[in-house]
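What the coordinates show
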Amino acid sequence: MNWQASRLRPEEAHPGSTAPARQAGLSRWGDNPGQRFLLDSKWDVILAKLSAWWIAPAGSRILDMGCGDGKEIRRFEALGCASRSLVGLDIELHRVRDAKRAHPGTPLLVGDAGRLPFAANSFDLVYQSVMISSNLELASRRAIALEMVRVVRPGGILLWYDMRLRNPLNPLTHPIRRSELIDWFRGLPGEILPITLLPPVARILAPRSLALCRLLERLPILRSHLLAIFRKPADQHPSRASPALAP
């Protein structure tokens, strides 16, 4: 697979959803230029890192954990991933129903990310985006991370994107620390880096100046999320030492 950046049109990146109003993160900001900037910038980095870390085998199977209404599945489809090779899972039934309306050819399941209904070594890439920060129990977070490692094939990729800063407007989320990622994915070579301009800043500035958004995004202090990419070694053994992380 050729990991080339894919800029989706707004109606492609944010398909219509009938989910309840409590999904305000997407419904409120979906048409905002700042939100489009945030998503495109995020995926620019993701694709660059995938190109550096992974040569995807033909027919790669991809799991989107916490797929929600399927907006990220659309990104993978735009890159040439076959619908039948993508699998989405979310714990909320109404969100899976929305995703099925948008992606009728993709297997979409209701399930618990901490107890995945898949055999070990089932996927070539396992992806989660801003799902684990919504889980406030440390043991549950760790269980989800271990499940990601279990179901990815040797040589496969774990792709992680989540908040690193506390959101004062949402007490039902908790940021992920770099040290937690190093602990959970111990033994896997990988890379962790801060990305994403602070969303409130992007939503205010992007309608006026995308160039200013790009400039501010270069400042690590203004980056709100962590992107992590890990590769499961072909000869991985539970007793292996800590991950060889890129600086």
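As a starting point, this report considers the structure included with it. (Residues numbered from 1 in each chain as written. Predicted model: local features only at pLDDT ≥ 70, side-chain atom pairs only at ≥ 80, totals over all residues. Heavy atoms only, no water.)

With respect to the pattern of salt bridges
Counted under the stated rule, the structure contains ten salt bridges. A salt bridge links aspartate 40 to arginine 75; the nearest nitrogen and oxygen atoms lie 3.1 Å apart. Taken together, the residues span a long stretch of sequence, with aspartate 40 in helix H3 (residues 33–53) and arginine 75 in helix H4 (residues 71–78) at a distance of 35 residues. Of the two residues, aspartate 40 and arginine 75, both sit in the buried class. The partner of aspartate 112 in a salt bridge is arginine 115, with the nearest N and O atoms 3.1 Å apart. Among the residues examined, aspartate 112 registers a relative accessible area of 26% and is labelled partly exposed. It is possible to trace a salt-bridge network through shared partners that takes in Arg142, Asp183 and Arg186. (Salt bridge = Lys/Arg side-chain N within 4 Å of Asp/Glu carboxyl O. Helix = DSSP H or I, 4+ residues; strand = E, 2+ residues; numbered from the N terminus. Buried < 20%, exposed > 50% of the residue type's maximum accessible area, 1.4 Å probe, protein only.)

Observations regarding helix H9 (residues 210–217)
Among the residues of H9, Cys213, Leu216 and Glu217 are the ones counted as buried. Mapping the buried residues of H9 onto a view down its axis gives an arc of 100°, with all of them on the same face. (Arc of directions from axis to C-beta.)

Side note on unusual backbone geometry
Not every positive phi belongs to a glycine, and valine 130 is a case in point at roughly 45°. Mapped onto the elements of the fold, valine 130 is located in the loop between strand S4 (123–129) and helix H6 (138–151). Phi is positive for threonine 196, close to 80°, though the residue is something other than glycine. Tracing the backbone shows threonine 196 in strand S6 (residues 190–197). What makes threonine 196 buried here is its relative accessible area of 4%.

Digging into the pairing of strand S1 (residues 62–65)
The alternating pattern of S1 places Ile62 and Asp64 on one face and Leu63 and Met65 on the opposite face, and all of these are buried. As paired elements, S1 and strand S2 (residues 86–90) share four bridges and run parallel to each other. Bridge pairing in S2 links leucine 63 to valine 87. Read from S1 through H4 to S2, the crossover connection turns out right-handed. Across four bridges, S1 lies against S4 in parallel orientation. Bridge pairing in S4 links leucine 63 to valine 126. (Pairing = 2+ DSSP bridges. Right-handed = clockwise from strand over helix to strand, strands pointing away.)

A look at the nonpolar core
With 28 residues, the main nonpolar core has Leu63, Met65, Val126, Leu158, Trp160, Leu181 and Phe185 as its most contacted residues. Secondary-structure elements contributing two or more residues to this core are S1, S2, S4, H6, strand S5 (152–163), helix H7 (178–184) and strand S7 (223–231). At five residues, the largest contribution of residues to this core is made by H6. Those residues in contact with leucine 63 that lie beyond four places of it in its chain are Val87, Leu89, Leu116, Phe118, Phe123, Leu125, Val126, Tyr127 and Val151. (Core = buried A, V, L, I, M, F, W, Y, C linked by side-chain atoms within 4.5 Å. Contact = heavy atoms within 4.5 Å.)

Section: H6
With 14 residues, H6 ought to run about 20 Å at 1.5 Å a step, and its terminal C-alpha atoms sit 20 Å apart, in line with that. When H6 is considered as a whole, its buried residues turn out to be Arg141, Ile144, Ala145, Glu147, Met148, Val149 and Val151. Where the residues of H6 are buried, they touch S1, S4, S5 and H7. (Expected span 1.5 Å × (residues − 1).)

Here's the deal with the side chain of glutamate 217
For glutamate 217, the location among the structural elements is in helix H9. Here glutamate 217 sits buried without a salt bridge, and the closest side chain of opposite charge, arginine 223, lies 6.6 Å off (N-O distance). (Lys, Arg positive; Asp, Glu negative; His and termini not counted.)

Concerning the environment of proline 107
Inspection of the secondary structure puts proline 107 in the loop between helix H5 (93–102) and strand S3 (108–110). Separated by 22 residues in sequence, proline 107 and serine 85 place their C-alpha atoms 8.5 Å apart.

Focus on the packing of H3 against H4
Packing of H3 against H4 leaves a shortest axis separation of 13 Å and a crossing angle of 50°. Our classification of the angle between H3 and H4 gives oblique. The handedness of the crossing between H3 and H4 comes out as right-handed. Where H3 abuts H4, its residues Leu39, Asp40, Lys42 and Trp43 lie against Glu72, Arg75 and Phe76. Looking at side-chain class alone, the contact of H3 with H4 contains three nonpolar, no polar and four charged residues. (Axes fitted to C-alpha atoms, helices over the stretch in contact; angles between N-to-C directions. Parallel < 35°, antiparallel > 145°, perpendicular 65-115°, else oblique. Left-handed = near helix turned anticlockwise from the far one by under 90°. Nonpolar A, V, L, I, M, F, W, Y, C, P; charged D, E, K, R; others polar.)

Here we look at the packing of aromatic side chains
This model, assessed by the stated rule, comprises seven aromatic pairs. With a centroid separation of 5.9 Å and an interplanar angle of 55°, the aromatic rings of tryptophan 43 and tyrosine 127 are classed as tilted. With tryptophan 43 in helix H3 and tyrosine 127 in strand S4, the pair connects residues that are 84 residues apart, well separated along the chain. With a centroid separation of 5.0 Å and an interplanar angle of 85°, the aromatic rings of phenylalanine 118 and phenylalanine 123 are classed as edge-to-face. An identical accessibility class is assigned to phenylalanine 118 and phenylalanine 123; each is buried. The rings of Trp160, Trp184, Phe185 and Phe230 are connected pair by pair, giving a single aromatic cluster. (Phe/Tyr/Trp six-rings, centres within 6.5 Å; stacked < 30°, edge-to-face > 60°.)

Honestly, that's just the spatial picture; any functional story needs more than this.
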